[in-house]
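Spelled out from the first residue to the last, the chains are:
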There are 2 protein chains.
Amino acid sequence: MILDPKTDLSFTRTLAAPRQLLWECWTTPAHIKHFFVPRPHSVSSCEIDLRVGGRFNTTFNVEGNEMQNLGVYLEVIEGEKLVFTDAYSEGWKPAADPFMTAILEFADDGAGGTRYTATARHRSAEAKEQHEQMGFFDGWGTVATQLEDYAKSLVR
Amino acid sequence: MILDPKTDLSFTRTLAAPRQLLWECWTTPAHIKHFFVPRPHSVSSCEIDLRVGGRFNTTFNVEGNEMQNLGVYLEVIEGEKLVFTDAYSEGWKPAADPFMTAILEFADDGAGGTRYTATARHRSAEAKEQHEQMGFFDGWGTVATQLEDYAKSLVR
């Protein structure tokens, strides 16, 4: 994948948990709730139909307000790559004003951990800048740390 | 799939050609050129990478002007269902202003022919109305007739 610095945001980190476990965390509603939004925000509901075109719907609780997010999976490569977006809801219904497409990549780091790459692709430079100003790196970085901590707690 | 009459356009026709042959016509560049745009317009190039996220890029010749269309496949169910869109180009790069998502469904009609359903889903009622006024039913209907005639010519 060739990134476009004008419209894409991406980072890679090494997480101290095995690839397969991180995959399970990202694809299981009961796990998602433990890391998917930076605390003190929380996930109040999560529905997953883990297949191409299947739903990935979540509700966030942000300071007492419920925010509903409808999305679908675009690509599901077990243990390696997960792509989802708010550009569609189930049945390939296009969203009026989609924000982004998320691409998560998982690779063994050769030492029991995972090279974790998170990418957000946007429709325009303006949307990318808006996301960056909303705190993409801080927010998604926090989510990565929460994911790592949660995954480690599962193997203790 | 539940259609939304405000944003979706769809028709079903029976075509006198077997399902598998229509599928091959829709997924092979050399065949696409024979039916994909209403004549006298023509397809001057076609690139297909037939997998989820793979490219479906075409160039149309419309009255001497070349129109390039970049797209990807969203869902590929061999012989049954083909979904593609201009909302992405290869690598899940979002398009700035996508127009539609096309869903083609193929089913045996029990008499050697095919029940062919073509659906275009749009982001807004305005886009759907624009597409209808551009001649969706006439244009896509002509494409279905051209497809049927071309497929029949292959089995003669």
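Each value, and the rule that gives it
Residues numbered from 1 in each chain as written. Chains lettered and ligands numbered in written order. Predicted model: local features only at pLDDT ≥ 70, side-chain atom pairs only at ≥ 80, totals over all residues. Heavy atoms only, no water. Buried < 20%, exposed > 50% of the residue type's maximum accessible area, 1.4 Å probe, protein only. Helix = DSSP H or I, 4+ residues; strand = E, 2+ residues; numbered from the N terminus. Pairing = 2+ DSSP bridges. Polar contact = N/O pair within 3.5 Å; in protein donor to acceptor, adjacent residues only side chain to side chain. Contact = heavy atoms within 4.5 Å. Buried area = accessible area lost by both parts, 1.4 Å probe. Salt bridge = Lys/Arg side-chain N within 4 Å of Asp/Glu carboxyl O. Nonpolar A, V, L, I, M, F, W, Y, C, P; charged D, E, K, R; others polar. Axes fitted to C-alpha atoms, helices over the stretch in contact; angles between N-to-C directions. Parallel < 35°, antiparallel > 145°, perpendicular 65-115°, else oblique. Left-handed = near helix turned anticlockwise from the far one by under 90°.

Caption draft 1: Region of the structure containing the pairing of strand β4 (residues 65-69) of chain A. Of all five residues in β4 of chain A, zero are buried; the element is thus mostly exposed. Linking two consecutive strands that pair antiparallel, namely strand β3 (residues 56-62) of chain A and β4 of chain A, is a turn of two residues; a positive phi of about 50 degrees is found at E63 of chain A within it.

Caption draft 2: Inspection of the side chain of N57 of chain A at higher detail. Residue and element names in this part refer to chain A. On the secondary structure map, N57 appears in strand β3. A polar contact is formed between the side chain of N57 and the backbone nitrogen of G71, at a distance of 3.1 Å. The contacts of N57, once residues within four sequence positions are left out, are S45, C46, E47, N69, L70 and G71.

Caption draft 3: Examining the interface of chain B and chain A more closely. On the chain A side, the residues contacting the 23 residues of chain B number 23 residues. For the pair chain B and chain A, the two sides together bury roughly 1800 Å², of which 50% comes from carbon and sulfur. Linking chain B with chain A are two salt bridges, by the criterion used here. Note that K93 of chain A and D4 of chain B form a salt bridge whose closest N and O atoms lie 3.2 Å from each other. Here chain B is connected to chain A by 14 residue pairs in polar contact (both at pLDDT 80 or more). Looking at the side of chain B that touches chain A, the elements with two or more residues in it are β5 (72-77), β6 (81-85), β8 (93-94), β9 (100-108) and β10 (114-122) of chain B. Its residues assigned to classes, the side of chain B that touches chain A comprises twelve nonpolar, five polar and six charged.

Caption draft 4: View of the packing of helix α1 (residues 19-26) of chain A against helix α4 (residues 136-155) of chain A. Residue and element names in this part refer to chain A. The geometry of α1 relative to α4 is characterised by a closest axis approach of 10 Å and an angle of 110 degrees between their N-to-C directions. Taken as axis vectors, α1 and α4 run roughly perpendicular relative to one another. As α1 packs across α4, the resulting crossing turns out to be right-handed. For the pair α1 and α4, contact is made by L21, L22, C25 and W26 and by V143, L147, Y150, A151, L154 and V155, respectively. Split by residue class, the contact of α1 with α4 holds ten nonpolar, no polar and no charged.

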